[in-house]
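Report on the structure
Letter by letter, the chains look like this.
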Amino acid sequence: MYKIPKDAEIADAIRRVLAKHKEVRSQSLFHEFVLGELKGISPYYKASSDRIKRVASKEGVKIFIDKRKSQKEAKFCFVCGGELETLKVKNLLGSEVSAGKKCKVCGFAMDRGHLAPRRYIFYK
Ligand SMILES: [Zn+2]
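1. Section: the sheet that holds strand 5 (residues 109-110)
Sheet architecture is open: three strands sit in the order 3-4-5, paired in antiparallel fashion. One side of each edge strand has no neighbouring strand; the edge strands of this open sheet are strand 3 (84-90) and strand 5. Where strand 4 (residues 96-103) meets strand 5, two bridges bridge the pair, whose relative direction is antiparallel. When the bridges of strand 5 are listed, Lys102 appears paired with Ala109.

2. Thoughts on the sheet that holds strand 1 (residues 23-24)
In sheet architecture, strand pairing relies on hydrogen bonds along the backbone and comes in two forms, parallel and antiparallel. Pairing is antiparallel across the open sheet formed by three strands, whose spatial order is 1-6-2. Of all strands in the sheet, those with a lone pairing partner are strand 1 and strand 2 (62-69), marking the two edges.

3. What to know about the nonpolar core
Ranked by internal contacts, the top residues of the largest apolar core, which has 19 residues, are Ile10, Ile14, Val17, Val34, Leu38 and Ile52. Those elements that provide at least two residues to this core are helix 1 (7-20), helix 2 (27-39), helix 3 (49-58) and strand 6 (115-123). Beyond its immediate sequence surroundings of up to four residues, Val17 is in contact with Val24, Phe33, Val34 and Glu37.

4. With respect to the environment of Cys106
Positionally, Cys106 belongs in the loop between strand 4 and strand 5. Given 17 C-beta atoms within 10 Å, Cys106 falls into the partly exposed group. Between the C-alpha atom of Cys106 and that of Gly81, which follows or precedes it by 25 residues, the distance is 9.4 Å.

What counts, and where the lines are drawn
Residues numbered from 1 in each chain as written. Predicted model: local features only at pLDDT ≥ 70, side-chain atom pairs only at ≥ 80, totals over all residues. Pairing = 2+ DSSP bridges. Helix = DSSP H or I, 4+ residues; strand = E, 2+ residues; numbered from the N terminus. Core = buried A, V, L, I, M, F, W, Y, C linked by C-beta atoms within 7 Å. Buried ≥ 20, exposed ≤ 12 C-beta atoms within 10 Å, placed from the backbone. Contact = placed C-beta atoms within 7 Å.

This is the structure in C-alpha cells:
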C-alpha cells in the first residue's frame with residue numbers, strides 16, 4: 001500500500017534536501033533524497049522521479065541539464081514534460097530557419113532541436 005503526497009509536501013521535502021546538499025548531481029539521487037524526506041512524514045509516501053522534478057522546477061529550484069545530441073527531435077520539455085515549440089528566425093536571405101525550441105509551459109529553452117537529456121543537476 002502507498003499514499004500520494006501533496007505538491008506542498010514534496011516542495012517541503014525538496015527544500016530540506018537542498019538545505020543539506022548544495023547540489024545534487026543526478027535525478028535518481030535527487031529522487032532518493034526527496035523520497036527519504038517524505039518517508040519521514042509517512043512511510044507509505046511515493047512520488048515518481050518526474051513528478052519530483054516538476055515540483056522542483058515549479059518551486060524555483062535550478063535544474064541544470066547536461067544535454068547530448070540525439071537522432072530524434074525533442075518533442076517534450078526535459079523539465080516539466082510540457083510541449084516544446086520550435087523557434088524560428090529569419091536568416092540573412094530572409095528564409096525561416098529553426099533556432100531551437102522552447103517549452104510553452106515553463107519556458108525551458110534549448111538552442112537546437114535534436115537533443116536529449118544526459119544528466120540533471122539540482123541546486124538552489
Ligand atoms: Zn517545461
